[in-house]
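Each chain, letter by letter, is given below.
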Amino acid sequence: MRRLAATLALMVSISGAALAEQVFSFDATPGKLPKNVVPINYAIELKPDMVGLTLSGVESVEIEVREATARIVLNAVGTTFDAVTIDGDAQRAEVAQDATAETATFTFPQSIAIGRHKLRIAFTSQINKFGTGLFTVDYPTDAGTRRMLSSKLEPSDARRIFPCWDEPAFKAIFALQVTVPRNLLAVGNMPVVREEAFGQDLKQVTFAPTPKMSTYLFVLTVGELERITAEIDGVTVGIVATMGKAAKGQFALDSAVKLLAWFNDYFGVRYPLPKLDLIAVPGGFGGAMENWGGITFFESRLLFDPATNADTARRPIFNIIAHEMAHQWFGDLVTMAWWDNLWLNEGFATWMATKASEQFYPQWQSWLNGYGQKQFALALDARRTSHPIQQAVASESEAMVAFDAITYNKGQALIRMLENYLGEKMFRDGIRKYMADHAYGNTTTADLWQALESVAHKPVTGIAASFTEQDGVPLIVAETSCSGAAQRLTLRQDRFVVAPLKTAPLPPRQWQVPVAFGPPGAKAPEVVLLQGSTEIPAGSCGEAIKVNLGDIGYYRVEYGPASRAALAKSLTQLAPEDRVNFLADSWAMVQAGRAEPPSYLALVETLRADDRRPVWDQVIGTMGALNRLSRGRAERPALQAYARARLRTVFDRLGWDGSGSGDDDASLLRGSLIRTLGEFGDEEMIAEAKRRFASFLQDPKSLPNALRDSVTHLVGLTADAATYDTLLALARKSTVTNERLRYYFAAASARDAALARATLALTLTDEMPGTIVSGVIGTVAGSGEQPDLAWDFVKANFDTLLARQGPSFRDQFVASFMTNFSDEAHAAELLAFAPAQATSGGRVTTARAVETIAISADLTARALPAVDAWISARK
């Protein structure tokens, strides 16, 4: 494993580097393009060929030449250049392209003087079949298959549509004209100002110029589309969907209207564009993209259909709308200067989405139920291959892999902790100043700290930078001691690490940590800013003291024997968020080798069947992780029997058919338990799922929407050939995206090897949305428990899959897929798989995956025998 050790050592050296952050300076901003020429505005004419999949274009770019030069360097990928001229026909350039650097260099016969000039570029680029750049989506309708176009450009794929300065600091104005068939609707960043007939069957659509913005925010969607709208604060808010589906966007439209008004107030800067469209795309990519004025969503993430969606589906729909709309300020109006500060976009949007959910739907308890987001970040951040929130980004592939849980979830957790430390009003005032000072510009993290400190009059930079400029998780070691009747609490800071026990230790870290603590039921915690260690009064001797009271802090807590025993006795008196936090930290200590599994399992035994959903979700997640590790091992039958017995008491309290609103935590917990108990081999659960599915085939209304995903999953898991064919027939018949996904993923869960091969073969066809191909292959490996079969398929068909799925399949999917394994042989195979090492971003994800495999192997060897012994001792 020398190669593994070297790879991990490289990751440590990169991740530990301090950034010495400065406020924004264009000239000092990292990037690959020279800064001697900058764009001011683009006038772009595009004519897509939706059959031949080519895009012909002409752009006139007003540029500012800052230093006299005969060479202009910008970005282009897959582009054929016709003619490049400057200032009319004053000079014609020779064009040289560098495919590796993704640049084009225009060399003119004579030097171009300092000042403003007009650059004209005639070109042809490509329309992709995967969700990058401008891409096609073929989707089913009752009238047959239809094709539409849409775009996804973050982080660096505007260059695939038109030549440009494709780095976020090169902000400019964009004026777009597009020529499309007359029967199609074209949607861009700005409203349409003119449509004119062009030829026999075409039209030219001209959009209003945008404000200054970064290239990755450009959007173009074209298709047989319809739009519903509403007006709020002088802005037209629209839902755009394929024909016949826009009405399913009413919940999204209502949500966007109230969010826009609330964000206008919160940020203190009104949304500056005249329209905001939310666009449902039935393919291409699986999430959403915050294009300014034209946010694109994978269709099932935006549309809500009471006929097919569970009531609880409104929650993730609202959350993703709030996330993307928050980006209209954090990211679009004010943009990070370079991808090393991506967290300024994503961390804030993630935090604001949860804050908005708490504002409008407090009954959802989004901070409590979303506890897993922070837990995921803590798990990754405890590893050797973690990275600072502010991380060095040297290439496009590295920018792509920066979109991870450290950027999103740790960023969110840090912002919440800072807001709690400064106070909600003071924090908001700082954000308002930041927005006002930097509107239409770029920033670094230092600009944000400066704005917060200027209004809060409290130190921010020292606390925040200790979390953003270095990797790692603080560990607060807490123990109580008594002197007579008085109790004192000792707090000591360390670094929390999850790593195979035989590996070299990681370097120490120091943070400035606002540590909240208090007894169960305390209305307000006490807070100490911990930089090393301290000892403080803590009530009466023997009184339980919870550290990280309220679960707002970003740190782990390890309790000494006395304090842990007192808390365990008081577990039912803790608030739900503190019970979840105590459970999660207890399991984390097991993962880190700082505690034995029985210490966690003993806590699980004390939980009541009627405890809250996030408490049981934590247990379900832990049991699921142990179950995956136990695949093919002797400990699995006993582990599954114990998990079934413990979780069945929770399910029996809920039953199959609830009496609640349908949009409640009981509905979500019920579905999770049905799925988990079935996966753990609960024969009664599987039989009932099959019975209900059979009834559903006769009468679809007999199966509530809230149960359809979990029931269909268990049917797929245990499917024979006939049932498998039924699932595929349902997927092929439906034109509703969330239904199609439900049935395809259920079929992919089949544990029959022949059916798994059939599913894998489907991923090479045009039948299923390309968006879900990677997920389907992963489901065959995971839920279907056929990882070797799936890996052999990926290797045998890698070139075909790469061509169909795009660069992310090579740079991200392969390494992620390999975490289905927990043995050294597969880690070595990943390291030897050349495509995964082809880019620096791919090497980063490979190193992370190899470490994940090593950690899983270590936990398997340590935890499973101990869990098995504890279960045996209970019999």
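Residues numbered from 1 in each chain as written. Predicted model: local features only at pLDDT ≥ 70, side-chain atom pairs only at ≥ 80, totals over all residues. Heavy atoms only, no water.

## A closer look at the confidence of the model for the protein
Then, in step 1: Summarising the model, the protein shows a mean pLDDT of 95, and 97% of its residues fall at 70 or more.
Then, in step 2: Below a pLDDT of 50 lies the segment residues 1-19, which in the model reaches 32 contacts outside its immediate sequence neighbourhood of four places, other chains included. (pLDDT = per-residue confidence, 0-100. Contact = heavy atoms within 4.5 Å.)

## Looking at unusual backbone geometry
Then, in step 1: With an omega of 5 degrees, the peptide bond running from E154 to P155 counts as cis.
Then, in step 2: Relative to the helices and strands, P155 resides in the loop between β10 (144-152) and β11 (173-181).
Then, in step 3: For H457, which is not glycine, the phi torsion reads 55 degrees and is therefore positive.
Then, in step 4: Here H457 shows up in the loop between α10 (445-456) and α11 (461-468).
Then, in step 5: Overall, H457 belongs to the exposed group, its relative accessible area being 70%. (Helix = DSSP H or I, 4+ residues; strand = E, 2+ residues; numbered from the N terminus. Buried < 20%, exposed > 50% of the residue type's maximum accessible area, 1.4 Å probe, protein only.)

## Side note on the sheet that holds strand β3 (residues 69-75)
Then, in step 1: Across the sheet, which stays open at both edges, the three strands sit in the order β3-β7-β6 with antiparallel pairing between neighbours. The open sheet terminates on both sides in strands that have one partner only, identified here as β3 and β6 (94-98). Geometrically, the sheet is characterised by an average inter-axis angle of 25 degrees between neighbouring strands, direction not taken into account.
Then, in step 2: Pairing of β3 with strand β7 (residues 103-112) involves six bridges; the strand directions are antiparallel. Across the sheet, residue N75 finds its bridge partner in β7, namely T103. (Pairing = 2+ DSSP bridges. Axes fitted to C-alpha atoms, helices over the stretch in contact; angles between N-to-C directions.)

## Brief notes about the pairing of strand β16 (residues 225-232)
The two faces of a sheet get side chains in turn, since along a regular strand they alternate between them.
Then, in step 1: Examined bridge by bridge, β16 and strand β17 (residues 235-242) share eight bridges and lie antiparallel to one another. Of the residues in β17, the one forming a bridge with I228 is I239.
Then, in step 2: From the end of β16 to the start of β17, which pair antiparallel, there are two residues, and D233 there has a positive phi angle of about 50 degrees.

## Quick word on the state of the cysteines
Then, in step 1: For the coordinates displayed, the defined rule picks out one disulfide.
Then, in step 2: The disulfide bridge from C482 ends at C541, spanning 2.0 Å between sulfur atoms. Looking down the S-S bond of the C482 and C541 bridge, the torsion is 95 degrees, so its handedness is right-handed. Placement of the pair is C482 in strand β23 (residues 473-483) and C541 in the loop between β27 (533-540) and β28 (546-547), with a sequence separation of 59 residues.
Then, in step 3: Given the relative accessible area of 38%, C541 is considered partly exposed. (Disulfide = S-S within 2.5 Å.)

## A closer look at the packing of aromatic side chains
Then, in step 1: Enumeration according to the criterion identifies 48 aromatic pairs in this entry.
Then, in step 2: With 5.8 Å between their ring centres and 40 degrees between their planes, F813 and F817 make a pair best called tilted. Pair noted here: F813 and F817 are both in helix α26 (residues 807-817), with a separation of four residues, about one helical turn.
Then, in step 3: The buried category is assigned to F817, whose relative accessible area is 3%.
Then, in step 4: One Lys or Arg, R416, reaches over the ring of W367 and ends 4.2 Å from the middle of that ring.
Then, in step 5: One Lys or Arg, K458, reaches over the ring of Y421 and ends 4.2 Å from the middle of that ring. (Phe/Tyr/Trp six-rings, centres within 6.5 Å; stacked < 30°, edge-to-face > 60°. Lys NZ or Arg CZ within 6 Å of the ring centre and 35° of its normal.)

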